[in-house]
Amino acid sequence: MRAATGLALVFGVAVFLTLAVGVRTASLAEIWNALVAFDPANATHVTIQSIRLPRLVAGLIAGASLGVAGTVMQALTRNPLADPGLLGVNSGASFAIVLGALIFGRSDAGLMSALAFPGAALASIAVFALGGGLRGETGHVRLALAGTALNALLLSLVSAIVMARSETLEVFRFWVAGSLSQASQRPLSAMALVTIVGIGLSLALAPRIEALSLGSALARGLGTRPARIQLGALAAVTLMTGAAVSVAGPIAFLGLMVPPLARRICGHALRLELIASAMLGASILLLADTAGRLVLAPAEVRVGIMTALIGTPVFIWIARRLKPGAAS
Amino acid sequence: MTRSIILAAVLLFAILLSLMIGQVMLSPATLWAGLSTGQGPAALTIRVLRGPGIATAVGAGAVLGLSGTIFQILLRNPLAAPDVMGFTSGAGLAVIFGVMAGLALPTPVLAALGGSAAAIVVAVLSLRRDGSQTTITLILVGLGVGFFTAAAGSFILTRLPPQEAAEAQRWLSGSLAARNWGHVAQVFGVGAVLTLVLVIQSRSLALLELGDDLAKGLGLRADRAKWGLSATGVLLAATGVAVAGPVPFVALMAGPLGARVTRARHPAARLAAAAVTGATITVLADLAARASIPGLQLPVGVMTGIFGAPYLLWLLAREIETGDL
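Small disclaimer: the values here were computed from a predicted structure and weren't measured.

Q: Tell me what's going on with the overall build of chain B, and back it up with residues and numbers.
A: Of regular secondary structure, chain B possesses 13 helices and zero strands. What you see for chain B is a C-alpha radius of gyration of 20 Å, in line with the 20 Å of a compact globule of 325 residues. Reported as C-alpha extents along the three principal axes, the dimensions of chain B are approximately 65 × 55 × 40 Å.

Below you can see the structure in the form of structure tokens.
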């Protein structure tokens, strides 16, 4: 109970800071007024409505999606290094969107965003095939290296395409490292819907994923069909990752940091863990974004860089704790 | 022997091809005229436009190949390369930081400092509590340090104005744009000195390849030799980064590919093959980066990424079959 209160508090603070902090600092009362009694002549109200609110929504979508996707992937593979960013699923979505823009020319963001889903699906199938399959015996290290290689390939291709189109540095950065600064131009409401479907699917599958983690044979004995559950979980991961990349670009390490924290908060109950992951993911992403806006102000550090700076020490910490023989 | 000649011939062919192809195409005859007489349009292209970039590619590729092979032999793992373990991105970060902070240190010194710092951090962080160290942990921690330095590089780029940031971003992905003969002299000069040091150490490397116990039994002070070889390896990688940026995957690929073509077994022969192969890979990647999209020069690192990542994936797929990982 105390953990739940703490989590809700952190989440509330993260949301408040996203709306309040910036060039024009807003008080709680001003935020409230901007939302319920919007005054177009009030500059603070306009800032909140047109810049910070889309940013908040994008942060909620991307943060919750990536947090839950990370927890699902880690529960499925029992690999503490599984993360949609590290395994190249993010880059797959990013590459598909950029490639779509190259082939079909500049068209609306919503249509291009639809390409994120086949991109993410192909990348996750590729990385699990190359990393040794979805079964529990997947080597920790092998999967992480396969993801690194896939990331390197896809991000090199993204760089080549973006440079070939002579896009601005801002566009390049968005599709390589992720940012919330273009939130108002992204298809937020559609992707919010996709995220909700993805999280719902994960919650529905949670007990069966847990059964699967007892081992395939035992799970079959309990009446579950491993292949179906894996497929369903991959579909959920694809939906959530695709939505996150569509609104915020490829943000790595969030799905790595969130699951161990969620487990610490609610113990080993996957449904609760998933709910905690959604809140934690959104909170960490929003706090990292706010920190990125403040740390080198007036310049803005993209949130993808902030999550990488926070997440890499976590990665090293997990890598150190893997047992020497844990590769198999 | 014939296979070594083939390897060298491929490099020569790659260099000539690279000299001919570009925005202005040169025919073999024009190229020959330019090379032999030093006059005419071809001579200008060689001396000013393409020559320095290609020569830098040869030098940087060679030192990166040597560096990768040293670590692959020392750690007995084809994945243990300075680009996988974050040493090259550490060197790159130090160069960017030094330039931004206005430090009055030459680029190779900055790269050497950054590369060494990254290597020390990786070595310390991968130590277990009982003092032991496994290659797998070393590689994973190295990957993590590489991710961190890459993010830190992007972080400090945020402070630059867009134009300079774009330039620095290109350099950070590995770039041979706007090289001059000064860069060539630098990479070949420093590279030659380090290669000499490596030649002196090559007997230790050959002994260490047999295993620590056997090497000690044969009278080698194994720990000291390992530190010496690692230092040479880090400095070789830093020399490449100083002129070409942290080009990914060249150090990883050069050794195994070179050994495959020449069927070399002995460490000294593998090192020589890796140097030639690294140079060939970099020259060809640079050519692809210049010629694949008309009117646009991609950073060479984008091309080594596109070629190198499938190699890493293939390596993993093969290791799954043989059960080595």
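And the narrative resumes.
Q: Requested: an account of the overall build of chain A, with residues and values cited.
A: Check the secondary structure of chain A and you find 14 helices and zero strands. Overall, chain A shows an N-to-C arrangement of helices and strands of α-α-α-α-α-α-α-α-α-α-α-α-α-α. Taken against the 2.2 N^0.38 rule, which gives 20 Å for 328 residues, the C-alpha radius of gyration of chain A at 19 Å falls within 12% of a compact globule. Expressed along its principal axes, the backbone C-alpha trace of chain A runs to roughly 65 × 55 × 35 Å. When burial is assessed residue by residue, chain A has 55% of its 328 residues classed as buried.

Q: Mind laying out the packing of helix 2 (residues 28–36) of chain A against helix 3 (residues 43–77) of chain A, listing which residues take part and the relevant values?
A: Residue and element names in this part refer to chain A. Relative orientation of the contacting elements helix 2 and helix 3 amounts to 70°, with a least axis distance of 9 Å. Here helix 3 runs roughly perpendicular to helix 2, going by the angle between their axes. Considering how the two elements wind past one another, helix 2 and helix 3 form a crossing that is right-handed. Residues Glu 30, Ile 31, Asn 33 and Ala 34 of helix 2 form the contact with helix 3, whose own contacting residues are Thr 44, His 45, Ile 48 and Gln 49. Residues that form the contact of helix 2 with helix 3 fall into these classes: three nonpolar, four polar and one charged.

Q: Tell me what's going on with the interface of chain B and chain A, and back it up with residues and numbers.
A: Taken together, the contact between chain B and chain A spans 37 residues of the former and 33 residues of the latter. Broken down by secondary-structure element, the contributors of at least two residues to the side of chain B that touches chain A are helix 6 (135–157), helix 7 (162–172) and helix 13 (300–322) of chain B. Here the side of chain B that touches chain A gets 12 residues from one element, more than from any other, and that element is helix 6 of chain B. Residues of the side of chain B that touches chain A, tallied by class, amount to 28 nonpolar, eight polar and one charged.

Q: Please provide a residue-by-residue account of the environment of Gly153(B), values included.
A: Residue and element names in this part refer to chain B. Note that Gly 153 resides in helix 6. Using a count of 23 C-beta atoms within 10 Å as the deciding quantity, one classes Gly 153 as buried. Ignoring any residue separated from it by four or fewer positions in sequence, one finds Gly 153 in contact with Gly 92, Leu 93, Ile 96 and Leu 172.

Q: Please provide a residue-by-residue account of helix 6 (residues 116–130) of chain A, values included.
A: Note: α-helices contain 3.6 residues per turn, so residues at a spacing of three or four share the same orientation. Residue and element names in this part refer to chain A. Taking 1.5 Å as the rise per residue, helix 6 with 15 residues should run 21 Å; its terminal C-alpha atoms sit 21 Å apart, in good agreement. For helix 6, the tally of buried residues reaches 11 of 15 residues, placing the bulk of the element in the interior. Buried residues of helix 6: Ala 116, Phe 117, Gly 119, Ala 120, Ala 121, Ala 123, Ser 124, Ala 126, Val 127, Phe 128 and Leu 130, and no others.

Q: Quick one: what's the story with the nonpolar core, residue by residue and with numbers?
A: Residues Ile61(A), Ala149(A), Ala244(A) and Val247(A) are the most contacted members of the largest nonpolar core, which totals 215 residues. Setting aside its immediate chain neighbours within four residues, Ala244(A) contacts Ile61(A), Ala62(A), Ser65(A), Leu66(A) and Ile251(A).

Q: Would you mind going over helix 14 (residues 303–321) of chain A in detail, with residue names and values included?
A: Compared with the 27 Å implied by 1.5 Å per residue over 19 residues, the 27 Å span of helix 14 of chain A between its first and last C-alpha is a close match. Considering bend angle alone, the principal kink of helix 14 of chain A is centred on Gly311(A) and spans about 30°; proline Pro313(A) follows within four residues of it. Within the sequence span of helix 14 of chain A, burial applies to Val303(A), Gly304(A), Ile305(A), Met306(A), Thr307(A), Ala308(A), Leu309(A), Gly311(A), Thr312(A), Phe315(A), Ile316(A) and Ala319(A). Considering only its buried residues, helix 14 of chain A is in contact with helix 8 (169–177), helix 12 (254–266) and helix 13 (270–295) of chain A together with helix 5 (107–125) and helix 6 of chain B.

Q: How would you summarise the environment of Gly6(A) if you had to cite specific residues and measurements?
A: Position of Gly6(A) among the secondary structure elements: in helix 1 (residues 2–20). Separated by 226 residues in sequence, Gly6(A) and Gly232(A) place their C-alpha atoms 32 Å apart.

Q: Report on unusual backbone geometry, specifying residues and quantitative values.
A: Note: most peptide bonds trans; most residues except glycine with negative phi. For Phe253(A), which is not a glycine, the phi torsion comes out positive at approximately 75°. If you trace the backbone, Phe253(A) turns up in the loop between helix 11 (226–248) and helix 12. The class for Phe253(A) is buried, based on 28 C-beta atoms found within 10 Å. Even without being a glycine, Ala178(B) presents a positive backbone phi close to 55°. Tracing the chain through its elements places Ala178(B) in the loop between helix 7 and helix 8 (181–209).

Cut-off values and rules
Residues numbered from 1 in each chain as written. Chains lettered and ligands numbered in written order. Predicted model: local features only at pLDDT ≥ 70, side-chain atom pairs only at ≥ 80, totals over all residues. Helix = DSSP H or I, 4+ residues; strand = E, 2+ residues; numbered from the N terminus. Rg over C-alpha atoms; globule rule 2.2 N^0.38 Å. Buried ≥ 20, exposed ≤ 12 C-beta atoms within 10 Å, placed from the backbone. Axes fitted to C-alpha atoms, helices over the stretch in contact; angles between N-to-C directions. Parallel < 35°, antiparallel > 145°, perpendicular 65-115°, else oblique. Left-handed = near helix turned anticlockwise from the far one by under 90°. Contact = placed C-beta atoms within 7 Å. Nonpolar A, V, L, I, M, F, W, Y, C, P; charged D, E, K, R; others polar. Expected span 1.5 Å × (residues − 1). Core = buried A, V, L, I, M, F, W, Y, C linked by C-beta atoms within 7 Å. Bend = angle between axes of the 7 residues up to and from the residue.

Don't take any of this as a statement about function, it's just geometry.
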